[in-house]
Amino acid sequence: MEKSSETKKNILETATRLFASKGYDGVGVQEICNESNITKPTLYYYFTSKAGLLSAILEETGFQMLKSFERCAEYRHDFIGSLTSILKGSIEFARLQPDFYRLSCALQNVSSESESGKIYRDFSEKLEKIFQRFFEQSVSEIGNMKGKEILFSRIFFQTCLAVSMDIVSGRLQDENEICTSIIHSFAYGVVAG
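Heads up: these notes are all about the structure in this document. Note that the structure is predicted; figures quoted are calculated from it, not measured. (Residues numbered from 1 in each chain as written. Predicted model: local features only at pLDDT ≥ 70, side-chain atom pairs only at ≥ 80, totals over all residues. Heavy atoms only, no water.)

## What about the overall build of the protein chain?
In terms of helices and strands, the protein chain carries nine helices and zero strands. N-terminal to C-terminal, the α/β element order of the protein chain is α-α-α-α-α-α-α-α-α. A principal-axis box enclosing the C-alpha atoms of the protein chain has dimensions of 60 × 35 × 30 Å. Taken over 193 residues, the protein chain has a buried fraction of 44%. Looking at the protein chain alone, contacts between residues at least 24 apart form 67% of all its contacts between residues at least 6 apart. About 9,900 Å² of surface is accessible on the protein chain, with carbon and sulfur atoms providing 50% of the total. (Helix = DSSP H or I, 4+ residues; strand = E, 2+ residues; numbered from the N terminus. Buried < 20%, exposed > 50% of the residue type's maximum accessible area, 1.4 Å probe, protein only. Contact = heavy atoms within 4.5 Å. Areas by Shrake-Rupley, 256 points an atom, 1.4 Å probe, with all protein chains shown as cover.)

Okay, structure coming up:
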């Protein structure tokens, strides 16, 4: 890997870690530079601004997350199996990219009018559409969802985020038991709803 690629990667990883642990607004450009062992002009050369840096993180690692969820949420005419695949895929991605996943979860809760909220909005909408598309396709088999696809997709999306973070952080231990319990409870709620 050439030096400029290494430098860019180092800045992205450092910023992701700092944003995940302190929040986007809690981290200044100078702190990112200090932790990355670079100067401000170097950061500005690669990303033009702190906002540009967050955009680059979402374009790079966020793109990987979107692709991962697209694969897991592919409609397979097996509602329980597909829900399980989505939840397990979410957990796996959280394990592979814990800082990004933590950052993404935190950005879900920021005001859409803040700088970070405006930057995150497009990514968040793409992520939510993956879930929504899955639930829309499942309506043909699970008739009780008709008219509630968006609601169920949002509930399951938020469940995946929360459970994945709890497992990766060690707050939940038995992944298989937890996944089975959540999927069956969720599916029961859909069918009974």
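## Some thoughts on helix 9 (residues 175-192)
Compared with the 26 Å implied by 1.5 Å per residue over 18 residues, the 25 Å span of helix 9 between its first and last C-alpha is a close match. Listed in full, the buried residues belonging to helix 9 are Glu175, Cys179, Ile182, Ile183, Phe186, Ala187 and Val190. Along the long axis of helix 9, the arc covered by the buried residues comes to 125 degrees, so they all point the same way. Relative to its buried face, helix 9 has exposed residues pointing more than 90 degrees away, namely Glu177, Tyr188 and Ala192. Where helix 9 is buried, its residues contact helix 5 (79-96), helix 7 (115-138) and helix 8 (149-168). (Expected span 1.5 Å × (residues − 1). Arc of directions from axis to C-beta.)

## Comments concerning the pattern of salt bridges
Counted by the stated rule, this structure contains eight salt bridges. For the salt bridge of Asp99 with Arg102, the shortest nitrogen-to-oxygen distance reads 3.2 Å. Residue Asp99 and its partner Arg102 are both found in helix 6 (residues 98-107); the two are separated by three residues, about one turn of the helix. Since its relative accessible area comes to 33%, Arg102 is described here as partly exposed. The shortest N-O distance in the salt bridge between Arg171 and Asp166 comes to 2.8 Å. (Salt bridge = Lys/Arg side-chain N within 4 Å of Asp/Glu carboxyl O.)

## A short note on the nonpolar core
With 62 residues, the main nonpolar core has Phe19, Leu53 and Phe156 as its most contacted residues. With ten residues, the single largest contributor to this core is helix 4 (residues 50-72). Aside from chain neighbours lying at most four places away, what touches Leu53 is Ile11, Leu12, Ala15, Phe19, Ile32, Leu43 and Phe47. (Core = buried A, V, L, I, M, F, W, Y, C linked by side-chain atoms within 4.5 Å.)

## Some words on helix 5
With 18 residues, helix 5 extends 26 Å from end C-alpha to end C-alpha; this agrees with the ideal 26 Å at 1.5 Å per step. Where the residues of helix 5 are buried, they touch helix 4, helix 6, helix 7, helix 8 and helix 9.

## Here we look at the packing of helix 5 against helix 8
It is at 9 Å that the axes of helix 5 and helix 8 come closest, and there the two elements cross at 45 degrees. Between helix 5 and helix 8, the interaxial angle falls into the category oblique. In the crossing of helix 5 with helix 8, the sense of the turn from one axis to the other is right-handed. The segment helix 5 lies against helix 8, with Leu83, Ile86, Leu87, Ser90, Ile91, Ala94 and Arg95 engaging Phe156, Cys160, Leu161, Val163, Ser164, Ile167 and Val168. Its residues assigned to classes, the contact of helix 5 with helix 8 comprises eleven nonpolar, two polar and one charged. (Axes fitted to C-alpha atoms, helices over the stretch in contact; angles between N-to-C directions. Parallel < 35°, antiparallel > 145°, perpendicular 65-115°, else oblique. Left-handed = near helix turned anticlockwise from the far one by under 90°. Nonpolar A, V, L, I, M, F, W, Y, C, P; charged D, E, K, R; others polar.)

## Digging into the side chain of Ser138
Mapped onto the fold, Ser138 is located in helix 7. In this structure Ser138 touches Tyr75, Phe79 and Met145, once residues within four positions along its chain are discounted.

## Overview of the packing of aromatic side chains
For the coordinates displayed, the defined rule picks out 17 aromatic pairs. Ring geometry for Phe79 versus Phe134: centroids 6.0 Å apart, planes at 5 degrees, classification stacked. Of this pair, Phe79 sits in helix 5 while Phe134 sits in helix 7, placing them 55 residues apart in sequence. Neither residue differs from the other here; Phe79 and Phe134 are each classed as buried. For the ring pair Phe79 and Phe135, a centre distance of 6.1 Å and an interplane angle of 80 degrees mean the geometry is edge-to-face. Of this pair, Phe79 sits in helix 5 while Phe135 sits in helix 7, and the two are 56 residues apart along the sequence. A relative accessible area of 8% means that Phe79 is categorised as buried. (Phe/Tyr/Trp six-rings, centres within 6.5 Å; stacked < 30°, edge-to-face > 60°.)

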